[in-house]
Amino acid sequence: ALRDIDLETYTYRAGDRLIVRQTLTNRTPSPVHFQGYLLAPGRPRIERTFANFEPGSSITKDFILENADQLSGRNIRIGLKETQGSRVWNRVLTVP
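Note that the structure is a prediction, hence the values are computed from the model and not measured. (Residues numbered from 1 in each chain as written. Predicted model: local features only at pLDDT ≥ 70, side-chain atom pairs only at ≥ 80, totals over all residues. Heavy atoms only, no water.)

Trainee: Outline the environment of Phe 63, supporting the account with residue identities and numerical values.
Mentor: Note that Phe 63 resides in strand β5 (residues 58-65). Along the chain, Phe 63 and Gln 22 lie 41 residues apart, while their C-alpha atoms are 8.1 Å from each other. Beyond its immediate stretch of four places on either side in the chain, Phe 63 contacts Leu 18, Ile 19, Val 20, Gln 22, Gly 36, Tyr 37, Leu 38, Ile 46, Glu 47, Arg 48 and Ile 78. (Helix = DSSP H or I, 4+ residues; strand = E, 2+ residues; numbered from the N terminus. Contact = heavy atoms within 4.5 Å.)

Below is the structure:
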(Lines give C-alpha, C1' and ligand atoms only; values in the text may rest on other atoms or scores of the structure.)
Protein backbone atom coordinates (compact mmCIF):
# COMPACT_ATOMS: atom_id res chain seq x y z
CA ALA A 1 0.00 0.00 0.00
CA LEU A 2 1.01 3.61 -0.46
CA ARG A 3 1.13 5.55 2.79
CA ASP A 4 -1.45 8.37 2.88
CA ILE A 5 -2.76 7.50 -0.59
CA ASP A 6 -6.13 5.75 -0.74
CA LEU A 7 -6.22 3.48 -3.78
CA GLU A 8 -9.13 1.60 -5.35
CA THR A 9 -8.83 -0.57 -8.45
CA TYR A 10 -11.80 -2.06 -10.30
CA THR A 11 -11.98 -4.18 -13.44
CA TYR A 12 -15.03 -4.74 -15.56
CA ARG A 13 -15.97 -5.82 -19.07
CA ALA A 14 -17.82 -3.58 -21.52
CA GLY A 15 -18.46 -5.48 -24.72
CA ASP A 16 -15.10 -6.64 -26.06
CA ARG A 17 -13.20 -4.24 -23.79
CA LEU A 18 -11.67 -4.68 -20.37
CA ILE A 19 -11.66 -1.47 -18.34
CA VAL A 20 -9.33 -1.21 -15.35
CA ARG A 21 -10.36 1.84 -13.32
CA GLN A 22 -8.00 3.26 -10.74
CA THR A 23 -9.00 5.94 -8.22
CA LEU A 24 -6.46 7.64 -5.96
CA THR A 25 -7.17 10.00 -3.05
CA ASN A 26 -4.32 12.11 -1.70
CA ARG A 27 -4.29 12.09 2.13
CA THR A 28 -0.86 13.78 2.35
CA PRO A 29 -0.37 17.48 3.20
CA SER A 30 1.37 18.13 -0.16
CA PRO A 31 0.69 17.61 -3.87
CA VAL A 32 1.95 14.29 -5.25
CA HIS A 33 2.71 13.05 -8.77
CA PHE A 34 2.42 9.45 -9.99
CA GLN A 35 2.85 7.65 -13.28
CA GLY A 36 0.37 4.80 -13.61
CA TYR A 37 0.82 1.88 -15.99
CA LEU A 38 -0.82 -1.33 -17.12
CA LEU A 39 1.08 -4.29 -18.60
CA ALA A 40 -0.79 -7.06 -20.45
CA PRO A 41 0.71 -10.03 -22.35
CA GLY A 42 1.29 -9.20 -26.02
CA ARG A 43 -0.01 -5.64 -25.64
CA PRO A 44 1.70 -2.25 -25.58
CA ARG A 45 2.23 -0.68 -22.18
CA ILE A 46 -0.58 1.77 -21.24
CA GLU A 47 0.38 4.77 -19.12
CA ARG A 48 -1.63 7.40 -17.28
CA THR A 49 -0.32 10.45 -15.42
CA PHE A 50 -1.63 11.53 -12.02
CA ALA A 51 0.02 14.99 -11.91
CA ASN A 52 -0.42 17.89 -9.45
CA PHE A 53 -2.54 15.63 -7.31
CA GLU A 54 -3.58 18.06 -4.55
CA PRO A 55 -4.17 17.15 -0.87
CA GLY A 56 -7.68 15.84 -0.24
CA SER A 57 -8.47 15.40 -3.93
CA SER A 58 -9.32 12.23 -5.84
CA ILE A 59 -8.41 11.35 -9.41
CA THR A 60 -9.79 8.48 -11.50
CA LYS A 61 -8.09 7.08 -14.61
CA ASP A 62 -9.19 4.27 -16.92
CA PHE A 63 -6.92 1.78 -18.66
CA ILE A 64 -8.77 0.18 -21.60
CA LEU A 65 -7.82 -3.07 -23.30
CA GLU A 66 -9.55 -4.00 -26.57
CA ASN A 67 -10.30 -7.64 -27.50
CA ALA A 68 -10.43 -8.65 -23.85
CA ASP A 69 -11.49 -12.23 -24.72
CA GLN A 70 -7.90 -12.83 -25.88
CA LEU A 71 -6.73 -12.09 -22.33
CA SER A 72 -9.42 -13.99 -20.41
CA GLY A 73 -7.85 -15.96 -17.54
CA ARG A 74 -4.42 -14.34 -18.03
CA ASN A 75 -2.62 -12.04 -15.61
CA ILE A 76 -2.10 -8.33 -16.12
CA ARG A 77 -0.09 -5.96 -13.93
CA ILE A 78 -1.17 -2.48 -12.88
CA GLY A 79 1.18 -0.19 -11.04
CA LEU A 80 2.08 3.30 -9.87
CA LYS A 81 5.44 5.01 -9.54
CA GLU A 82 5.86 8.31 -7.75
CA THR A 83 7.57 10.70 -10.20
CA GLN A 84 8.91 13.09 -7.55
CA GLY A 85 9.64 10.48 -4.90
CA SER A 86 10.46 6.82 -4.44
CA ARG A 87 7.11 5.14 -3.74
CA VAL A 88 5.87 2.32 -5.99
CA TRP A 89 2.82 0.06 -5.96
CA ASN A 90 2.02 -3.01 -8.09
CA ARG A 91 -0.85 -5.43 -8.30
CA VAL A 92 -1.38 -8.50 -10.46
CA LEU A 93 -4.96 -9.03 -11.64
CA THR A 94 -6.51 -11.97 -13.48
CA VAL A 95 -8.64 -10.92 -16.48
CA PRO A 96 -12.22 -12.16 -16.07
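Trainee: Which residues make up unusual backbone geometry, and what values go with them?
Mentor: With phi around 50°, Asn 52 is a residue other than glycine that occupies positive phi space. Residue position: Asn 52 is located in strand β4 (residues 46-53). Look at Asn 52 and you get exposed, because its relative accessible area is 54%. Here the phi dihedral of Asn 67 falls at roughly 50°; this positive angle occurs in a residue that is not glycine. (Buried < 20%, exposed > 50% of the residue type's maximum accessible area, 1.4 Å probe, protein only.)

Trainee: Break down the nonpolar core for me, citing the residues and quoting the values.
Mentor: Counting residues in each nonpolar core, the largest one holds 23 residues, and the members touching the most others are Val 20, Phe 34, Leu 38, Leu 65 and Ile 76. Listing elements by their share of this core, those giving two or more residues are β2 (17-26), β3 (32-39), β4, β5, β6 (75-82) and β7 (88-94). Apart from residues no more than four positions distant in its own chain, Val 20 is found in contact with Thr 9, Tyr 10, Thr 11, Leu 38, Lys 61, Asp 62, Phe 63, Ile 76, Ile 78 and Leu 93. (Core = buried A, V, L, I, M, F, W, Y, C linked by side-chain atoms within 4.5 Å.)

Trainee: So what about the pairing of β4? Which residues, and what values?
Mentor: Taken together, the six bridges between β3 and β4 define a ladder with antiparallel strand orientation. Residue pairing across strands places Leu 38 opposite Ile 46, the latter belonging to β4. (Pairing = 2+ DSSP bridges.)

Trainee: Could you give an account of the sheet that holds β6, with specific residues and numbers?
Mentor: In any sheet, the strands associate via hydrogen bonds between backbone groups, in a parallel or an antiparallel arrangement. Read from one edge of the open sheet, four strands run β4-β3-β6-β7, paired in antiparallel fashion. With one partner strand each, in any of the chains shown, β4 and β7 form the two edges of the open sheet. Taken over all neighbouring pairs, the strand axes of this sheet differ in orientation by 15° on average, direction set aside. Inspection of the sheet shows β6 paired to β7 by seven bridges, in the antiparallel sense. Following the sheet pairing, Gly 79 is matched in β7 by Asn 90. (Axes fitted to C-alpha atoms, helices over the stretch in contact; angles between N-to-C directions.)

Trainee: Give me the packing of aromatic side chains: which residues, what numbers.
Mentor: Taken as a whole and judged by the stated rule, the model has zero aromatic pairs. Against the face of Phe 63 rests Arg 48, its NZ or CZ located 5.6 Å from the ring centre. (Phe/Tyr/Trp six-rings, centres within 6.5 Å; stacked < 30°, edge-to-face > 60°. Lys NZ or Arg CZ within 6 Å of the ring centre and 35° of its normal.)

Trainee: Give me the pattern of salt bridges: which residues, what numbers.
Mentor: Scanning the entire structure with this criterion turns up seven salt bridges. For Arg 27, the salt bridge is made with Asp 6, and the minimal N-O distance between the two is 2.7 Å. A residue pair is termed long-range when its members are at least 10 positions apart, and Arg 27 in the loop between β2 and β3 and Asp 6 in strand β1 (residues 5-14) qualify at 21 residues. (Salt bridge = Lys/Arg side-chain N within 4 Å of Asp/Glu carboxyl O.)

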